[in-house]
Amino acid sequence: MNIALLSSYTTDILQNKLESFLKKDFNKVKIYGNSFNQYTQEILNKKSAFYAFSPEIIIFLFSEETWIENPTQMFKLLQLIKRRLPKALILVGNIVPTHSQLLPGLEWNKKNSLSEKITICNLKLAKFCQNNKQFYTFDVNNLVLLYGRIIMFDQRIQYLTKNPWSDKGMDILSFKLSQHIKTLMGKRKKVVVLDLDNTLWGGILGEVGLENILLSNDGVGKAYYDFQKNLLKLHQSGILLVICSKNDEVSTLRAIETHPYMLIKKHHLAAWRMNWESKADNLVSIANELNLGTDSFVFLDDTAYERDLIRFALPSVEVPDFPADPSEYSEFLSNLPAFDTGVITEEDKKRNEMYQQEKERSSKKLSAASLEKFLKSLHIEVTIQKVKAFNTPRIAQLTQKTNQFNLTNRRYTDEQINELIKDKKNIVLGISSKDKVGDMGLVGVIIAKKNNNSLFVDTFLMSCRVLGRGIEETVLFSLSKYATQLAAFSIIGEFIPSKKNNLAKSFYSNNYFTQLEDGFFKYDVKKKKIKKPQWITLHYD
Amino acid sequence: MIKKDLNKAVKSIIATTFKVNKRDITPQTISDDVEEWDSLGHIRLILKIESEFNTKFNIVDIPKLTSVAAIITELKKHEYPS
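What counts and how
- Residues numbered from 1 in each chain as written.
- Chains lettered and ligands numbered in written order.
- Predicted model: local features only at pLDDT ≥ 70, side-chain atom pairs only at ≥ 80, totals over all residues.
- Heavy atoms only, no water.
- Phe/Tyr/Trp six-rings, centres within 6.5 Å; stacked < 30°, edge-to-face > 60°.
- Helix = DSSP H or I, 4+ residues; strand = E, 2+ residues; numbered from the N terminus.
- Buried < 20%, exposed > 50% of the residue type's maximum accessible area, 1.4 Å probe, protein only.
- Lys NZ or Arg CZ within 6 Å of the ring centre and 35° of its normal.
- Patch = residues over 30% accessible without salt bridge, like charges linked within 9 Å, V, L, I, M, F, W, Y side chains within 5 Å.
- Areas by Shrake-Rupley, 256 points an atom, 1.4 Å probe, with all protein chains shown as cover.
- Salt bridge = Lys/Arg side-chain N within 4 Å of Asp/Glu carboxyl O.
- pLDDT = per-residue confidence, 0-100.
- Contact = heavy atoms within 4.5 Å.
- Pairing = 2+ DSSP bridges.
- Axes fitted to C-alpha atoms, helices over the stretch in contact; angles between N-to-C directions.
- Lys, Arg positive; Asp, Glu negative; His and termini not counted.
- Charge placed at Lys NZ, Arg CZ, Asp CG, Glu CD.
- Right-handed = clockwise from strand over helix to strand, strands pointing away.
- Buried area = accessible area lost by both parts, 1.4 Å probe.
- Polar contact = N/O pair within 3.5 Å; in protein donor to acceptor, adjacent residues only side chain to side chain.
- Nonpolar A, V, L, I, M, F, W, Y, C, P; charged D, E, K, R; others polar.

## Re the packing of aromatic side chains
Under the criterion given, the structure shown has 28 aromatic pairs over all chains. Seen in terms of ring centroids, Phe-456 of chain A and Phe-520 of chain A are 6.3 Å apart; in terms of plane orientation they differ by 50 degrees. Their pairing is tilted. With Phe-456 of chain A in strand β13 (residues 454-462) and Phe-520 of chain A in strand β16 (residues 520-524), this residue pair connects regions lying 64 residues apart in the sequence. By relative accessible area, Phe-456 of chain A is classed as buried at 18%. With a centroid separation of 5.5 Å and an interplanar angle of 25 degrees, the aromatic rings of Phe-18 of chain B and Trp-37 of chain B are classed as stacked. With a gap of 19 residues between them, Phe-18 of chain B in the loop between α1 (3-17) and α2 (39-53) and Trp-37 of chain B in the loop between α1 and α2 connect regions that are remote in the sequence. Each of the two residues, Phe-18 of chain B as well as Trp-37 of chain B, counts as buried. Cluster of aromatic residues (ring-pair linked, three or more members): Phe-405, Phe-460, Phe-507, Tyr-508, Phe-513, Phe-521 and Tyr-523 of chain A. Geometry around Tyr-305 of chain A places Arg-469 of chain A over its ring, the cationic atom sitting 3.6 Å from the centre.

## Quick word on a nonpolar patch on the surface
A cluster of nonpolar side chains, contributed by Leu-102, Leu-103 and Leu-106 of chain A, occupies part of the molecular surface with about 330 Å² of accessible area. Tracing the sequence through the fold places Leu-106 of chain A in the loop between β4 (89-93) and α6 (114-131).

## Brief notes about the confidence of the model for chain B
Residue and element names in this part refer to chain B. Residues at a pLDDT of 70 or more form 90% of chain B, whose mean pLDDT is 88. The element-level mean pLDDT for chain B is lowest in α1, coming to 87, with α2 highest at 93. Interface confidence in the predicted complex, given as ipTM, is 0.85; pTM for the same model is 0.69.

## Topic: the environment of Leu-45 of chain B
Residue and element names in this part refer to chain B. Following the sequence through the fold, Leu-45 ends up in helix α2. Between the C-alpha atoms of Leu-45 and Val-10, which are 35 residues apart in sequence, the distance is 9.9 Å. Beyond its immediate sequence surroundings of up to four residues, Leu-45 is in contact with Ile-13, Ile-14, Thr-17, Phe-18, Trp-37 and Ile-71.

## Notes on the pattern of salt bridges
Residues and elements named next belong to chain A. Tallying each qualifying case throughout the model produces 23 salt bridges over all chains. Linking Glu-107 and Lys-110 is a salt bridge whose minimum nitrogen-to-oxygen distance equals 3.7 Å. Residues joined in a network through salt bridges with shared partners are Arg-410, Lys-449, Asp-458 and Glu-494.

## Concerning the sheet that holds strand β7 (residues 240-245) of chain A
Residues and elements named next belong to chain A. If you trace the four strands from one edge of the open sheet to the other, you get β8-β7-β6-β9, paired in parallel fashion. Two strands in the sheet have a free side with no partner beyond their single neighbour: β8 (269-274) and β9 (297-300). Pairwise comparison of adjacent strand axes, ignoring direction, gives a mean angle of 20 degrees for this sheet. Here β7 runs beside β8; their pairing, made up of five bridges, is parallel.

## Thoughts on a positive patch on the surface
All names here are of chain A. Judged by side-chain charge, Lys-481, Lys-526, Lys-527, Lys-528, Lys-529 and Lys-531 come together as a positively charged surface patch. Assignment of secondary structure puts Lys-529 in the loop between β16 and β17 (537-540). A residue is classified by how much of its surface remains accessible, and Lys-529, at 44% relative accessible area, is partly exposed.

## Re the pairing of β4 of chain A
Residues and elements named next belong to chain A. Of all the five residues making up β4, four are buried; the element is thus mostly covered by neighbouring parts of the structure. Summarising the sheet, strand β3 (residues 57-61) and β4 pair through four bridges and their orientation is parallel. Opposite Phe-60, over in β4, you have Val-92 as the bridge partner. Taken together, the four bridges between β4 and strand β5 (residues 135-138) define a ladder with parallel strand orientation. Bridging from a neighbouring strand, Ile-90 pairs with Phe-135 of β5. As for the winding sense of the linkage, the β-α-β connection from β4 through α6 to β5 is right-handed.

## Focus: the interface of chain B and chain A
In this assembly, 11 residues from chain B lie in contact with 11 residues from chain A. Carbon and sulfur atoms make up 77% of the surface buried where chain B meets chain A, a total of about 950 Å² over both sides. It is Leu-40, Leu-47 and Ile-59 of chain B that lose the most area in chain B upon contact with chain A, and together they represent 52% of the buried surface on that side. Linking chain B with chain A are one salt bridge. The salt bridge involving Glu-50 of chain B is made with Arg-156 of chain A; its shortest N-O contact spans 2.5 Å. Where chain B packs against chain A, one counts two residue pairs in polar contact (both at pLDDT 80 or more). Along the lines of polarity and charge, the residues of the side of chain B that touches chain A split into seven nonpolar, one polar and three charged.

Structural data, given as structure tokens:
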């Protein structure tokens, strides 16, 4: 790919930076820069090195003086390039004051100020690009507005090399240029994959219910509402919206369709997966369904675990660090380089229609071995602690508020837990977990009671944010150890269905328990079938 | 940072900027000894050192920093007073 960078200032360092950004995506990148102060001759002379280079993309970056002194001449040069290179795509940077202004307070209060001239010139430039198909405005102004003059410019470099930009400024400028070029060459990301809980709304729908999620047109809920508004704008620009979340599909779709401030509705979605499978598997199956490569995906999720999993399992997916504070979501999305573009192609516009019809779902699983490798890399540690009097309030609280992975939904008060731990026949366990990313604290509670020759599991609950990493199996494993210690031959588990705990329904039958009547399950301790997942380090406290 | 590390860091930045062997850069090296260390290369080098050491040189000093020794002396004035 041949790129010519025409400029009134020196661009050697800028060229180097641009090349290194483009090298990742294109095989042969060649960048041509005009000789200093020779751009007019090079454009006028048909036999110049500029035309001999036969550029496919031309970047036009000129200082404000050049434009302001003779705008007619500048437009003439653009017209000439247009005539001589009708196939080239031309990005024209708009004008930004690079020098500090004397008496800036006066700028808009006097006639013919520099600010006024620049504004008029930028307007003409924008119109010119809108009316000439191969031209695109490259909004340098907005970059300077976003990062500020102090960061973008460095007068020392201006004096020493006749280039106004700072090192950081050149990084920003060349990165943005590389993104525009990728779009022009058809490498724009096409799909944004979205999580739901704490991403499109605040709170966990399955726990707090439709009425209590944070999503509204005022207050904190508006942060999520505005984020959705921006996502819809992306959708209008041809980006496909996809949801991949760990929720119950039926109730979640109902929530999406009925919540008054939910802007993203079913008909905006090209595909969705609302289940408890690994998100890596879900992304592969979505890619198959949409018939797109995962390299056209951008993955937005508030949970660091999910982001790391995707980075590990599907490195071609772009996974930006998602802000922790929802008030930053909208600005984050606006500045996400993956989607920012100077152009919307016809293909972009049509893409959404193409995917309106539902497609058949196919899937290819992330192999168990590679998931295990990822889990190993997390260094998960589980600590199982016999509950003592001082930490009963936290245990009671967890029994009160956990709804999804809660097999029996028995609620206990602080006093009741205190009573339970006094009886030697009862086992009351608090489960904590941490990994290399962070300490998750208390994530589960087990209450079991020795009854004749068996151990009855009265309560088994886990916070749903840690499910699927082998922690619940580890807990079951240690429960079988306690059973042996207490000379119990079997473990009896129970599942009491509720509106919210459907995902825990098969937990016992998936883990070597035999189903009995009335929601009870039995495990034969002697058979020693339940093993601790080997990537987990287990501590007893 | 002790003197040896500062030396090492500067040498390594020079070597990567101008794509030369680290062993060929000594405290006595001056810009004329390195092919790519021309006036433009000099600015590239200065920008890299500034970002690596998180500092900023005075414009008056920049043109004088054309040897390993000069760069190290200047850096010591900035961040690492001996």
